[in-house]
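Here is how the chains run, residue by residue.
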Amino acid sequence: MADDLPTEFDVIVIGTGLSEAITAAALTRIGKKVLHVDKNDYYGGQWAAFTFDKLLAWIEKARNLKSGEKLPPYIQDTDTNQKRLLLSNDVLTTLNLEVECYCDKAPEIMKDDRSTDGDEIYNIEEIEMAQSQRDADNDESSESPQSQDPSSEDVEKTPNQHDADKSENSKSPQLQAPSSGVADQVGSNQAIRDRTAKEFTYQDLKDLWRRFSIDLLPKLLLCRGPLVELLIKSKVARYVEFKCVTKILTYRGNRLVQVPCSRSEVFSTNLMSMLEKRMLMKFLSFCIEYEKHEDKFKEYEQRPFSDYLKSWRLSEDLQHFIIHCIAMVEKNVTTIEGLAAAQCFLQSLGRFGETPFLWPLYGVAELPQAFCRLCAVFGGIYCLRMTVPSLIIDETSNRCTGIITDEGQKISCSNVIIDSSYLPSALLSDEPDKEKSISRAIFITNKSIYPTETDEVILFSLPSSDLSYLIRGLEISAGSMACPEGLYIVHLTCLMKSNAKDDLQEVTDSLFNFEENSGKDGNKKPKVLWCTYFNQIGYNVKERLPSNILTVDPIDSEMSFKSIVAKAENMYHNICPNEEFIPSPPDPEDIIIDDTSPQKNGKETGENAGFSGCEENEEIRMEDNEDENTSTTSSLKPNEM
Amino acid sequence: MAVREIKLCLLGDAGVGKSSLVLRFVCDTFNACSESTIGASFMSKTIEVNEQSYKYQIWDTAGQEKYRGLAPMYYRGAAAAIVVFDITREESFHTLKDWVKELQQLGPPNLVMAIAGNKSDLDEMREVSSHDARTFADSVDALFAETSALTAKNVLELFVEIS
């Protein structure tokens, strides 16, 4: 398929994780020729998000992958002054995988022939039926007589049908389309209430496969973090929609409580005394501009943050809130790191909503795709499912001069950016680097951990019981387009300590029920229907590579995107030292649409003609338009940055 | 009068004329030797149908389809999709069926689909009959039109019908 690829590029990027994608976009934006490839048939590598069936397939694949022998990483070309660096396909980036299912699996046997292998041939009749049903729904929009159709039951079972059935069919696990207005929202709340009695089975989860978008590496964007600024500046924000995290929770005693974020929330909360509130506000006001008061923390700068908080005579509870819920750091960080993290949180408050965090609809995996699109829009060439067997290294200059494709074609380039998990295992450390590895768990549950009437994105930040490490959790519901209505996805993440299940077990047990009626508050906690645990692994590159090969860790353990953006900018400046990093597209008013000579110019103007139609304050698209949005975003036009 | 915004995405093999169709619709121009799409993120145009304004936000593939690199993000939230084939290249009609299938599986529910047989001005080189194409379009419940970005035939009509 790739035989008609051009044979010369400025930069070849291998792996479509977020920092690679940002760098690739930045490079084409200033006119570099970029080839961007990934061995998988999806974008993102360890940053991907999957539908339920694809997640099962990914798990299966990761389980079966055995790490290969450590072969010599280089082959000498006999008659030239070149050697080849052999890339690998079997570096284990996922370890300690476990899958547990707690819902009724029985119906699967009956319907076994309808397994959800995504790609299977669908029955055109069923599609038609689903579509006619869709049309009927569109016409009548409320009760559809089609759902009484005797054959509709057959339609329900097919995993490949359009999830178009908007009607309230009590038997059907299909819930209504989430892309909906206010009227639909009311309807869907109704649907949730009607469905609380419903027991989801494993087959339901499989039938609803396409409604899931389950991230491998969930992270949150700080509203004033570098990624948000980059999204606005580059206009990539137009490709993705966001939702503000609605609540931040933590434990107090053994109860989940809401962390007060805004000033008004601090004043109205009953979690602390008046005195504590005053202390907290005083400390937070200091945090916002801590650099100006160096005398107040100089002495503690490199000492633990917790010691510093003690020096402010803050109560235990307040210390917990500040360390784990505002700075969101582990207890042993230094004062200066803690203050910087807390400042970052505070600065991001109120920009787009009550909390300082944004979550992309459909998940974080949209972000690498969005930057890849920007790259493609400016001429980058994309090949998925492309393995690169080797890199060519010129021994005289010790530089990489190109790649060899799986079809033996040589493609030359002056720089290579590569996800380090594509490197031969002989060049990587034997053991995972725990600073670059994380423990993950994904749960599908039947109920929110903090049930309310509205649709929420909930962040929770929970220290382990011995306070030695911090576990962060994220609960996502149907409004984020990442799971079907009536179901919730909970992600847990922490730095890898031993293995995912052990690291996260304690929090898991306190949050969820696994069996019916277990414990006295058995019906209060959400019940886990299905879950998986795994570690995402990063290794160190042991050997020095030629300087024009830049490596990227496959994952990043930070909660936000600060280091990812820094990494991308760093790689970009390594290749183009004096260029601006993703300059904004030209101002729409400066473009004159020239109808007579559309060649090239016509295309440029075409794009910008698109921008001209949009208002300035639309730079980041939000799901719920709260009042603050317009005022805060409009004050942040790119030229002010 | 409220303006309804519609996200519309184009699909189809490289070189069938997706970008030319958009260019004709948005700017009413044609460029015979246009290269693969560069620099066009998306274009927008507002049209009025039955006293209702529709603002199209038209997403082109940016060439990502060429080596199987089209991202699911591309279809997110699309209200409509136009799948384009070239009536002078039978192969592009075969792969059209794959695009339709991909949309049905991965696209949003309630997506309005239209199939466009482009380059209808090159009738003498035709390899795909109107009848075959229409039959297929009917079978997947899609709108169908033969278009020509060169002569502008049916282009506006296609977009109007989608709304």
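Residue positions are given per chain, counting from 1 as you read along its sequence in written order. Chains carry letters and ligands carry numbers; both start at the beginning, A for chains and 1 for ligands, and go up in the order they are written. With pLDDT at 70 or above as the cut-off, local features in this predicted model cover only qualifying residues; side-chain atom pairs require 80 or more to be listed or tallied, and sums for whole chains, interfaces and linings still use all residues. Only hydrogens and water are set aside when side-chain values are computed; all heavy atoms of the structure are taken into account.

Q: Provide a residue-level description of the overall build of chain A, including the pertinent values.
A: Note on conventions: DSSP H or I runs of at least 4 residues are helices, E runs of at least 2 residues are strands, and numbering of each starts at the N terminus. Across its full length, chain A holds 19 helices and 24 strands. Buried, partly exposed and exposed residues are distinguished by accessible area as a fraction of the type maximum, computed with a 1.4 Å probe on protein chains only: under 20%, between the cut-offs, and over 50%, respectively. A buried classification covers 58% of the 641 residues belonging to chain A. In these tables, accessible area is a Shrake-Rupley quantity obtained with a 1.4 Å probe, and a residue counts as shielded only by the protein chains included in the view. A total accessible area of about 26,400 Å² is found for chain A, and carbon and sulfur atoms account for 48% of it.

Q: Tell me about the sheet that holds strand 1 (residues 11-14) of chain A, and name the residues and values.
A: All names here are of chain A. One open sheet holds the five strands; their spatial order is 13-2-1-17-23, and the pairing between them is parallel. Among the strands making up the open sheet, the edge pair consists of strand 13 (381-383) and strand 23 (549-552). Neighbour to neighbour, the strand axes of the sheet diverge by 15° on average, direction disregarded. Strands pair, by our definition, only if DSSP identifies at least two bridges between them. One ladder, built from four bridges, connects strand 1 with strand 17 (residues 415-419); its direction is parallel. Considered in strand 17, the bridge of Val 11 is made with Asn 415. Lying on the sheet, helix 17 (residues 562-575) is in contact with strand 1, strand 17 and strand 23; it crosses strand 23 at an angle near 180°. Comment: axis = line fitted to C-alpha atoms, over the contacting stretch for helices; angle = value between 0 and 180 degrees taken between N-to-C directions. Residue contacts are counted whenever heavy atoms from the two residues lie within 4.5 Å of one another.

Q: Go over the pattern of salt bridges with me, naming the residues and quoting the values.
A: Residue and element names in this part refer to chain A. The working definition used for a salt bridge is a side-chain nitrogen of Lys or Arg within 4 Å of a carboxyl oxygen of Asp or Glu. Taken as a whole and assessed by the stated rule, the structure comprises 20 salt bridges over all chains. Close ionic contact of Glu 301 with Lys 298 constitutes a salt bridge, the shortest N to O distance being 3.2 Å. The residue Lys 436 makes a salt bridge to Asp 553 at a minimum N-O spacing of 3.4 Å. Placement of Lys 436 in the loop between strand 17 and strand 18 (438-445) and of Asp 553 in the loop between strand 23 and helix 17 is noted, with a sequence separation of 117 residues between them. Overall, Lys 436 belongs to the partly exposed group, its relative accessible area being 23%.

Q: Can you tell me about the packing of aromatic side chains, naming the residues and giving the values?
A: All names here are of chain A. When two rings of Phe, Tyr or Trp (its six-membered ring) have centres within 6.5 Å they constitute a pair, described as stacked for plane angles under 30 degrees, edge-to-face for angles over 60, and tilted for the intermediate range. Following the criterion strictly, the structure yields 26 aromatic pairs over all chains and no others. Here the aromatic rings of Trp 47 and Phe 561 are separated by 6.2 Å at their centres, their planes lie at 25°, and the arrangement is stacked. One end of the pair, Trp 47, is in the loop between strand 2 (34-37) and strand 3 (49-50); the other, Phe 561, is in the loop between strand 23 and helix 17, and 514 residues separate them in sequence. The exposure class of Phe 561 is buried, given its relative accessible area of 2%. Each residue in the set Phe 283, Phe 286, Tyr 300, Tyr 308 and Trp 312 is aromatic and connected to the rest through ring pairs, giving one cluster. The ring of Phe 561 carries the charged tip of Lys 219 above its face, separated from the ring centre by 5.9 Å. When the NZ atom of lysine or the CZ atom of arginine is within 6 Å of a ring's centre and also within 35 degrees of its normal, the charge is said to sit over that ring.

Q: Give a description of the confidence of the model for chain B that names residues and reports values.
A: Residues and elements named next belong to chain B. Residue-level confidence of the predictor is what pLDDT reports, using numbers from 0 through 100. Per-residue pLDDT for chain B averages 81, and the proportion of residues at 70 or more is 90%. Mean pLDDT values over the elements of chain B span from 73, in helix 4 (residues 155-162), up to 91, in helix 3 (residues 130-139). pLDDT under 50 marks residues 35-39. Its contacts with residues more than four places away, or in other chains, come to 16 contacts. Scored as a complex, the prediction yields pTM 0.81 and ipTM 0.88.

Q: Could you give an account of the sheet that holds strand 14 (residues 390-394) of chain A, naming the residues involved and the relevant values?
A: Residues and elements named next belong to chain A. Pairing is antiparallel in the open sheet, where five strands are placed in the order 4-5-14-15-16. The open sheet terminates on both sides in strands that have one partner only, identified here as strand 4 (74-76) and strand 16 (410-412). The sheet shows a mean angle of 30° between the axes of neighbouring strands, direction not considered. The pairing of strand 4 with strand 5 (residues 82-86) spans three bridges and is classified as antiparallel. When the bridges of strand 5 are listed, Ile 75 appears paired with Arg 84.

Q: Any details on the domain arrangement of chain A? Residues and values, ideally.
A: Residues and elements named next belong to chain A. Note that domain bounds follow an automatic or database assignment of domains. Taken domain by domain, chain A holds domain 1 (2-92 + 366-434 + 539-575), domain 2 (101-113 + 121-128 + 135-146 + 172-241 + 438-536) and domain 3 (263-347). Each partner contributes to the interface: domain 2 provides eleven residues, whereas domain 3 provides ten residues. Accessible-area loss on putting two parts together, using a 1.4 Å probe and summing over both, is the definition of buried area adopted here. Both sides together, the interface formed by domain 2 and domain 3 hides about 860 Å², and carbon and sulfur atoms give 66% of it. Taken together, domain 2 and domain 3 are joined by one salt bridge. We note a salt bridge from Glu 330 to Lys 497, for which the minimum N-O separation is 4.0 Å. Polar contact criterion, stated in full: a pair of N or O atoms within 3.5 Å, where within protein one must be able to donate a hydrogen and the other to accept it, and residues adjacent in sequence count only if both atoms are side-chain atoms. Linking domain 2 to domain 3 there are three residue pairs in polar contact (both at pLDDT 80 or more). Ranked by the residues each element gives to the side of domain 2 that touches domain 3, the list is headed by strand 19 (residues 457-463), at three residues. The class makeup of the residues in the side of domain 2 that touches domain 3 is seven nonpolar, two polar and two charged. Charged means Asp, Glu, Lys or Arg here, nonpolar means Ala, Val, Leu, Ile, Met, Phe, Trp, Tyr, Cys or Pro, and polar covers whatever is left, Gly included.

Q: Report on helix 13 (residues 316-326) of chain A, specifying residues and quantitative values.
A: An α-helix turns once per 3.6 residues; consequently, residues spaced three or four apart project the same way. Residues and elements named next belong to chain A. Most of helix 13 sits inside the fold, with nine of its eleven residues counted as buried. Every buried residue of helix 13 is listed here: Leu 318, Gln 319, His 320, Phe 321, Ile 322, Ile 323, His 324, Cys 325 and Ile 326. Summarising the contacts, the buried residues of helix 13 are in contact with strand 10 (247-252), helix 10 (274-288), helix 12 (305-311), helix 14 (335-348), strand 19 and strand 20 (470-476). Within two residues after helix 13, Met 328 carries a phi angle of roughly 50°, on the positive side.

Q: Run through the confidence of the model for chain A, naming residues and quoting values.
A: Residue and element names in this part refer to chain A. Residues at a pLDDT of 70 or more form 75% of chain A, whose mean pLDDT is 78. When mean pLDDT is compared element by element in chain A, strand 1 scores highest at 97, while helix 18 (residues 601-612) scores lowest at 33. Low pLDDT, under 50, characterises residues 624-641; the predicted model gives this stretch 34 contacts beyond four residues in sequence or across chains.

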